[in-house]
Amino acid sequence: MAATTRTNWAGNVTYRASALERPTSVAELQQLVAATPRLTALGSTHSFNEIADTDAVQVTLAGLPPLLEIDETRRVVRVAAGMTHSQVASGLEARGWALANLASLPHISVAGAVATGTHGSGVRNPSLAQAVVGLDVVRASGAVDRVDASSPDDTLDAHRVALGALGVVTAVELAIEPTFQVATTVHLDLPWDAVSAHFDDVMSDAYSVSMFTSFDDRGARQVWTKHRVDEPGPAVDLVALGARRADGPVHPGENDAASVTEQGGVPGSWAERLPHFRSTFTPSTGAEIQAEYLIPAAHAVAALDALRPLEPVFAPLLIAAEVRTIAADTAWLAPSTGRQSVGLHFTFRRDPAAVASAVERIEAVLAPFDPRPHWGKVSAAGVERLHEVYPRLDDFAALARDLDPAGRFRNAFLARVLS
Ligand SMILES: Cc1cc2nc3c(=O)[nH]c(=O)nc-3n(C[C@H](O)[C@H](O)[C@H](O)COP(=O)(O)OP(=O)(O)OC[C@H]3O[C@@H](n4cnc5c(N)ncnc54)[C@H](O)[C@@H]3O)c2cc1C
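Given the structure is predicted, the values throughout are model-derived calculations rather than measurements.

**Let's talk about the domain arrangement of the chain**
- When the domains of the chain are assigned, the result is domain 1 (68–179) and domain 2 (181–375).
- Between domain 1 and domain 2, the C-alpha centre-to-centre distance is 24 Å.
- Taken residue by residue, the interface counts 36 residues in domain 1 and 38 residues in domain 2.
- Summed over both sides, the interface between domain 1 and domain 2 buries roughly 3,000 Å², with carbon and sulfur atoms accounting for 57% of that surface.

Written out as structure tokens, the structure is:
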């Protein structure tokens with residue numbers, strides 16, 4: 001299929017691909033891979049940089065049949081890689097099962113989320129890639145390889161966050177657990193002194209906690225506490241710390257609160273509480289650009305203090321900044337690999353030049369804290385910096401060369417990052 005002008009979801013990247021292929025079976029995909037000198041897998045287009053673009057051929061798995069097979073004994077679900085988290089979550093919930101965590105938007109594809117180390121929040125919750133127990137991947141030859149815990153050495157950890165470089169993933173096996181209920185409570189305007197003094201207590205007070213800030217005098221202008229109802233309730237009294245409980249639903253940015261998952265402490269399925277946004281809400285193109293950095297959790301308060309003087313830079317540009325926690329991962333390229341992490345996330349208005357300048361300022365401020373940029377978001381980090389903060393990047397580049405010597409899955413993003 002010839003590519004008409006197409007963009008990523010946010011509209012800040014116009015794809016240069018000469019064609020978008022849409023196979024309808026794994027066999028057809030295998031033939032396509034074997035016959036195409038260079039191609040890049042495209043997920044649900046939610047990345048904000050050129051990671052999913054190419055000047056050759058893009059391939060979407062949206063035409064492959066959906067698949068959702070639950071193995072109750074192993075507590076594993078096998079899903080088609082191109083399915084979205086909302087499809088997987090509703091299928092699991094209907095049968096009494098759950099994933100441990102989800103990203104803020106459930107419309108993102110499973111393979112795309114895994115490939116970039118996408119995460120939710122929670123001091124005990126690593127990235128979504130850490131839930132992967134097996135993968136089927138079409139290699140450059142067109143053959144399908146299965147990768148799982150029985151693969152040699154740490155092959156599975158190399159493949160969890162693979163940036164599309166090791167092949168086209170067709171099926172993903174994810175760890176599951178029995179369904180659980182979550183209740184979201186939102187507090188407003190937690191003062192900076194309370195954020196600084198009680199950061200760890202607040203962020204670990206529930207299964208998943210997010211703080212939103214504009215870096216202005218309101219401090220954490222929203223604190224979303226997502227509490228699992230099968231665990232003890234939150235113990236930190238945010239009102240006593242100076243916040244007030246929201247008296248109705250709130251959106252973390254500027255949009256209508258009708259799009260957010262239910263708040264107000266009303267228990268509901270994990271599938272309808274762990275994402276911030278409702279699966280039934282259809283986001284069109286989002287006029288925004290996101291950047292995010294994962295730093296060691298121990299530096300979170302110092303990093304927030306260091307960012308606050310940038311508030312005048314942020315004021316015209318920032319829609320929302322979100323602070324989340326991510327448990328340490330074993331995936332080679334997860335931004336949270338090997339360290340308990342805090343994610344500092346920025347949703348900016350879609351003004352690429354102003355965002356590029358703000359991102360440079362942020363990266364300069366965060367430099368002492370070893371920030372690892374999110375693979376699916378914008379960053380100014382050069383390749384040397386990426387090698388400094390991602391200790392297995394060289395190993396990954398060598399593996400990509402071994403598995404794909406002719407560079408069939410190589411695009412400009414990978415050519416730069418894996419050089
Ligand atoms: C509104 C919004 C909210 C977001 N919320 C979060 C969040 O809460 N947490 C977070 O960490 N990130 C978040 N993100 C970022 C997002 O999760 C990542 O950018 C993710 O990679 C997007 O997945 P995708 O399916 O759109 O993949 P794409 O952007 O299409 O592709 C991303 C990468 O995945 C690879 N890929 C896709 N499919 C396959 C496949 N089948 N086989 C091999 N490689 C493949 C591509 O080649 C590319 O390298 C958000 C993004 C948006 C737009």
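**So, the site of the ligand**
- Taken together, 35 residues are adjacent to the ligand, and Ala-41, His-46, Ser-47, Ser-109 and His-119 come closest.
- Residue Ser-104 places a main-chain N or O atom 2.8 Å away from an oxygen atom belonging to the ligand.
- Contacts to the ligand include Thr-116, whose side-chain N or O atom sits 2.8 Å from an oxygen atom.
- In isolation the ligand offers 970 Å² of accessible surface; the protein chains occlude 98% of this area.
- Put simply, the parts of the chain that give the shell around the ligand at least two residues each are strand 2 (39–42), helix 3 (110–116) and strand 9 (168–175).
- Sorting elements by how many residues they give to the shell around the ligand places helix 3 first, with five residues.
- Looking at the shell around the ligand residue by residue, the class counts come to 16 nonpolar, 17 polar and two charged.
- The residues that make up the shell around the ligand include at least three from each of domain 1 (68–179) and domain 2 (181–375).

**A closer look at the sheet that holds strand 1 (residues 19–21)**
- Taken in spatial order, the three strands make up an open sheet running 1-3-2, and their pairing is parallel. Looking at the sheet topology across the chains shown, the edges are occupied by strand 1 and strand 2. Neighbour-to-neighbour, the strand axes of this sheet turn through a mean angle of 30 degrees, independent of strand direction.
- Where strand 2 lies against strand 3 (residues 57–60), four bridges are found, and the strand directions are parallel. Paired with Ala-41 across the two strands is Val-59, which belongs to strand 3.

**Some words on the pattern of salt bridges**
- Per the counting criterion, the structure on display carries 24 salt bridges.
- Taking the shortest distance from any N to any O, the salt bridge between Glu-254 and Arg-349 comes out at 2.8 Å. On the criterion of sequence distance, the pair formed by Glu-254 in the loop between strand 14 (244–245) and strand 15 (268–269) and Arg-349 in strand 18 (residues 341–349) is long-range, its members being 95 residues apart.
- The salt bridge involving Arg-385 is made with Glu-388; its shortest N-O contact spans 2.7 Å.

**Here's the deal with the packing of helix 5 (residues 192–203) against helix 6 (residues 300–307)**
- Contact geometry of helix 5 with helix 6 gives a least axis separation of 9 Å together with a crossing angle of 155 degrees. Classed by the angle they form, the pair helix 5 and helix 6 counts as roughly antiparallel. When the axes of helix 5 and helix 6 are compared, the crossing they make is left-handed. The segment helix 5 lies against helix 6, with Trp-192, Val-195, Ser-196 and Phe-199 engaging Ala-300, Val-301, Leu-304 and Asp-305.
- Taken together, the residues of the contact of helix 5 with helix 6 break down into six nonpolar, one polar and one charged.

**Observations regarding the packing of aromatic side chains**
- Applying the stated criterion across every chain, the model contains 12 aromatic pairs.
- With centroids separated by 5.6 Å and ring planes inclined at 70 degrees, the aromatic side chains of Phe-180 and Tyr-207 adopt a geometry described as edge-to-face. One end of the pair, Phe-180, is in the loop between strand 10 (177–178) and strand 11 (181–190); the other, Tyr-207, is in the loop between helix 5 and strand 12 (208–213), with 27 residues separating them in the sequence. Neither residue differs from the other here; Phe-180 and Tyr-207 are each classed as buried.
- A ring pair is formed by Phe-180 and Trp-270, whose centres lie 6.5 Å apart and whose planes are at 35 degrees; its orientation type is tilted. Of this pair, Phe-180 sits in the loop between strand 10 and strand 11 while Trp-270 sits in the loop between strand 15 and strand 16 (288–296), placing them 90 residues apart in sequence. Here Phe-180 matches Trp-270 in class, with each residue buried.
- Of the aromatic side chains, those joined through ring pairs into one cluster are Trp-192, Phe-215, Tyr-293, Phe-314, Phe-346 and Phe-348.
- Seen from the ring of Phe-180, Arg-228 lies directly overhead, with NZ or CZ sitting 3.6 Å from the centre.

What counts as what
Residues numbered from 1 in each chain as written. Predicted model: local features only at pLDDT ≥ 70, side-chain atom pairs only at ≥ 80, totals over all residues. Heavy atoms only, no water. Domains from an automatic or database assignment. Contact = heavy atoms within 4.5 Å. Buried area = accessible area lost by both parts, 1.4 Å probe. Near = heavy atom within 4 Å. Polar contact = N/O pair within 3.5 Å; in protein donor to acceptor, adjacent residues only side chain to side chain. Areas by Shrake-Rupley, 256 points an atom, 1.4 Å probe, with all protein chains shown as cover. Helix = DSSP H or I, 4+ residues; strand = E, 2+ residues; numbered from the N terminus. Nonpolar A, V, L, I, M, F, W, Y, C, P; charged D, E, K, R; others polar. Pairing = 2+ DSSP bridges. Axes fitted to C-alpha atoms, helices over the stretch in contact; angles between N-to-C directions. Salt bridge = Lys/Arg side-chain N within 4 Å of Asp/Glu carboxyl O. Parallel < 35°, antiparallel > 145°, perpendicular 65-115°, else oblique. Left-handed = near helix turned anticlockwise from the far one by under 90°. Phe/Tyr/Trp six-rings, centres within 6.5 Å; stacked < 30°, edge-to-face > 60°. Buried < 20%, exposed > 50% of the residue type's maximum accessible area, 1.4 Å probe, protein only. Lys NZ or Arg CZ within 6 Å of the ring centre and 35° of its normal.

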